[in-house]
Amino acid sequence: SLKWLDKCSAYPDQTPSCVASAHILRSMNLFQLSNAAEAQLELHAGQEMVEKRFRMKLELGDNKTGKLGGWIMAQIFLREAMSLSRASSEQGEAIP
């Protein structure tokens, strides 16, 4: 699935909401594969994109900026990825 996420985010003229979602979904995959360091990098990249978008005036959007529905989905994915990140760090602390 990581290869498909790479293809998705590298697609020409891909919407920013899709790229943000791909970063976040990639981080979730990497957390599941116990690659926390790389997962955190992907999570941070997606989180910055989502937070930047939601600091601006919310509009329906378009194919260039990303449609509102895509950004809302990215925010939902972000919440889930943050939960995985917390669980991953808690597991890391429990291991001596």
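Quick caveat: nothing in here was measured; it's all calculated off a predicted structure.

Draft legend 1. Quick look at the overall build of the protein. Helix and strand counts for the protein stand at four helices and zero strands. Each helix and strand of the protein, placed in order from N terminus to C terminus, yields the pattern α-α-α-α. For a compact globule of 96 residues, the expected C-alpha radius of gyration is about 12 Å, and the protein comes in at 14 Å, within 12% of that figure. Counting only C-alpha atoms, the protein reaches 50 × 30 × 15 Å along its principal axes.

Draft legend 2. Region of interest: the layout of surface pockets. Put simply, the largest pocket is a space of about 170 Å³. Along its surface, the largest pocket is lined by Phe31, Gln32, Ser34, Asn35, Ala36, Leu84, Ala87, Ser88 and Gln91. Residue assignment for the lining of the largest pocket shows that the elements contributing at least two residues are helix 2 (16-32) and helix 4 (68-94). If you tally residues by element for the lining of the largest pocket, the top one is helix 4, at four residues. Along the lines of polarity and charge, the residues of the lining of the largest pocket split into four nonpolar, five polar and no charged.

Draft legend 3. Structural view of a nonpolar patch on the surface. Among the surface-exposed residues, Ile72, Met73 and Ile76 lie close enough to one another that they form a single nonpolar patch of about 220 Å² accessible area. Along the chain, the position of Met73 falls in helix 4. Under the relative-accessibility criterion, Met73 is labelled partly exposed at 39%.

Draft legend 4. The arrangement of helix 2 in detail. Across its 17 residues, helix 2 extends 25 Å between first and last C-alpha, which sits within 8% of the 24 Å expected from 1.5 Å per residue. Helix 2 sits mainly inside the fold: 12 of its 17 residues count as buried. Within the sequence span of helix 2, burial applies to Ser17, Val19, Ala20, Ser21, Ala22, His23, Ile24, Arg26, Ser27, Met28, Leu30 and Phe31. Of the residues trailing helix 2, Ser34 is marked for its positive phi of about 65 degrees.

Thresholds, definitions, all that
- Residues numbered from 1 in each chain as written.
- Predicted model: local features only at pLDDT ≥ 70, side-chain atom pairs only at ≥ 80, totals over all residues.
- Heavy atoms only, no water.
- Helix = DSSP H or I, 4+ residues; strand = E, 2+ residues; numbered from the N terminus.
- Rg over C-alpha atoms; globule rule 2.2 N^0.38 Å.
- 1 Å grid on protein atoms, 1.4 Å probe; cavity = no way out; pocket = protein on both sides within 12 Å on 5 of 7 lines; lining within 4 Å.
- Points joined across faces, edges and corners; volume = space filled by probe spheres on them.
- Nonpolar A, V, L, I, M, F, W, Y, C, P; charged D, E, K, R; others polar.
- Patch = residues over 30% accessible without salt bridge, like charges linked within 9 Å, V, L, I, M, F, W, Y side chains within 5 Å.
- Areas by Shrake-Rupley, 256 points an atom, 1.4 Å probe, with all protein chains shown as cover.
- Salt bridge = Lys/Arg side-chain N within 4 Å of Asp/Glu carboxyl O.
- Buried < 20%, exposed > 50% of the residue type's maximum accessible area, 1.4 Å probe, protein only.
- Expected span 1.5 Å × (residues − 1).

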